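# Fold and contact review
The chain contents come next:
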Amino acid sequence: MPRLVDAVLDRLVVPGYSRLGYAARRAGFRALPAGGMAGRTVIVTGASSGLGAATVRGLAGLGARVEMVVRDRERGERAREAVLAEHPGAAVEVAVCDVSSLADVRRYAAEVRDREAAVHGLVHNAGVLATERTETAEGHEVTLATHVLGPFLLTRELRPVLRAGAGPTAPSRVVFVSSGGMYTAPLRLDDPESREGDWSGGAVYARTRRMQVVLAELLADDLAGDGIVVHSMHPGWADTPGVARSLPGFHRVTGPLLRTDEQGADTVVWLQAAAEPGHSTGVFWHDRAPRPTHWLPRAAESPQARAALWTLCVSDTAHR
């Protein structure tokens, strides 16, 4: 597809983010090699349904060993059985961890370090769109904890095994599954826990998705010396259980245009499996192509705001 046409699809949002955009672009996609991820272990959070489950199916189909991180073991086991029905004999396991709980993230990461010599990929897919402000047991707003603090801590806690999984021509890969909604929100650090003003779950969702994209860039710099690349992406508009549950009006109106789970997860799988994204780091992707992180260049975050986000994550995840 010509770059100009692709860019126009992206800026018009509706055609680019819908299944129409995926259909237009997929003609230029190269097939990922069968068995291309054999011998690689990838951890996927939020893996019991939607994009997470589709990511697991895609990775398992390429021969990866996949650990499905879920909050509810029963749901996770059902999702695992569905993967095995599609890919008999796939190496797929279930682990329980609530990514919004920093204590649980530390527990889970310690278990991974104890039993795994190396991890080659980590996908931060767990997400939440809250209808009211809720705090975790540690006092953090649940959206911030799920999208930002938990993934930051998990990445840092798994750094030793991700480093061990990196090879000279095959870096370990960390992928943040963000949202195109982040374009609507600037990076705000004046009220990260969303305690002030009227509560809006959608606004908090967009702000924390923006944080994820910036955090991926910051982690890319931090982990560059360890052979670990970090990317973020947005899946477009996918017909997931989370969208149907949290945005019923949007789901009702856009239903015919929504992507399948597999279409939404395609770039996540590609970022873990393809050669091209292994040669860069800190890039924001959609439909296998780099995308700008701002519609207007002047909206880019200041160095001070970026530093403040890093300080927030380090401070709020410090073991107390």
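This section reports on the structure supplied with the text. (Residues numbered from 1 in each chain as written. Predicted model: local features only at pLDDT ≥ 70, side-chain atom pairs only at ≥ 80, totals over all residues. Heavy atoms only, no water.)

Counting 37 residues, the largest nonpolar core has Ile43, Tyr108, Leu158, Leu215, Val230 and Leu309 as the members making the most contacts within it. Elements represented by at least two residues in this core include exactly helix 6 (102-115), helix 7 (142-157), helix 8 (159-165), strand 5 (172-177), helix 9 (201-223), strand 6 (228-233) and helix 13 (303-316). For Leu309, the residues in contact, after removing those within four places along its chain, are Leu187, Leu189, Met211, Val214, Leu215 and Leu218. By size, the runner-up hydrophobic cluster in this structure holds 31 residues, among which are Val42, Ala47, Ala79 and Val269. (Core = buried A, V, L, I, M, F, W, Y, C linked by side-chain atoms within 4.5 Å. Buried < 20%, exposed > 50% of the residue type's maximum accessible area, 1.4 Å probe, protein only. Helix = DSSP H or I, 4+ residues; strand = E, 2+ residues; numbered from the N terminus. Contact = heavy atoms within 4.5 Å.)

Okay, the pairing of strand 6 next. Within strand 6, 6 of the 6 residues are buried, which leaves the element mostly enclosed by the surrounding structure. Residues Ile228, Val230 and Ser232 point to one face of strand 6 and Val229, His231 and Met233 to the other, with burial holding for every one of them. As judged from the 6 bridges shared by strand 5 and strand 6, these two strands associate in the parallel manner. Bridge pairing in strand 6 links Val174 to Val230. Each parallel crossover has a hand, and for strand 5 linked through helix 9 to strand 6 it is right-handed. As judged from the 2 bridges shared by strand 6 and strand 7 (residues 284-286), these two strands associate in the parallel manner. Looking at the pairing, Ser232 lines up with Phe284 of strand 7. (Pairing = 2+ DSSP bridges. Right-handed = clockwise from strand over helix to strand, strands pointing away.)

Taken as a whole, this structure holds 6 aromatic pairs when the rule is applied. Relative to Phe29, the ring of Tyr22 lies with its centre 5.9 Å away and its plane at 70°, an arrangement referred to as edge-to-face. You can call Tyr22 buried: its relative accessible area is 7%. Members of the aromatic cluster, connected to one another through ring pairs, are Tyr183, Phe284 and Trp295. (Phe/Tyr/Trp six-rings, centres within 6.5 Å; stacked < 30°, edge-to-face > 60°.)

Counting across every chain of the model gives 25 salt bridges. Glu93 is paired through a salt bridge with Arg65; the nearest N and O atoms lie 3.2 Å apart. Of the two residues, Glu93 sits in strand 3 (residues 92-96) while Arg65 sits in strand 2 (residues 65-70), which places them 28 residues apart along the sequence. Glu217 is paired through a salt bridge with Arg306; the nearest N and O atoms lie 2.7 Å apart. With Glu217 in helix 9 and Arg306 in helix 13, this residue pair connects regions lying 89 residues apart in the sequence. Several salt bridges share partner residues, and in doing so they unite Arg65, Glu67, Glu93, Arg115 and Glu116 into one network. (Salt bridge = Lys/Arg side-chain N within 4 Å of Asp/Glu carboxyl O.)

Right, let's get into the sheet that holds strand 8 (residues 289-290). Read from one edge to the other, the open sheet built from 8 strands follows the order 3-2-1-4-5-6-7-8, with strand pairing classed as mixed. Edge positions in the open sheet fall to strand 3 and strand 8, since each of these has one partner strand only. Pairing geometry for strand 2 and strand 3, over 5 bridges, is parallel. Each residue of the ladder has a partner; that of Val70, found in strand 3, is Val96. Sheet contacts for helix 12 (residues 261-273): strand 1 (41-45), strand 4 (121-124), strand 5, strand 6 and strand 7; angle to strand 5, the most-contacted strand, approximately 160°. (Axes fitted to C-alpha atoms, helices over the stretch in contact; angles between N-to-C directions.)

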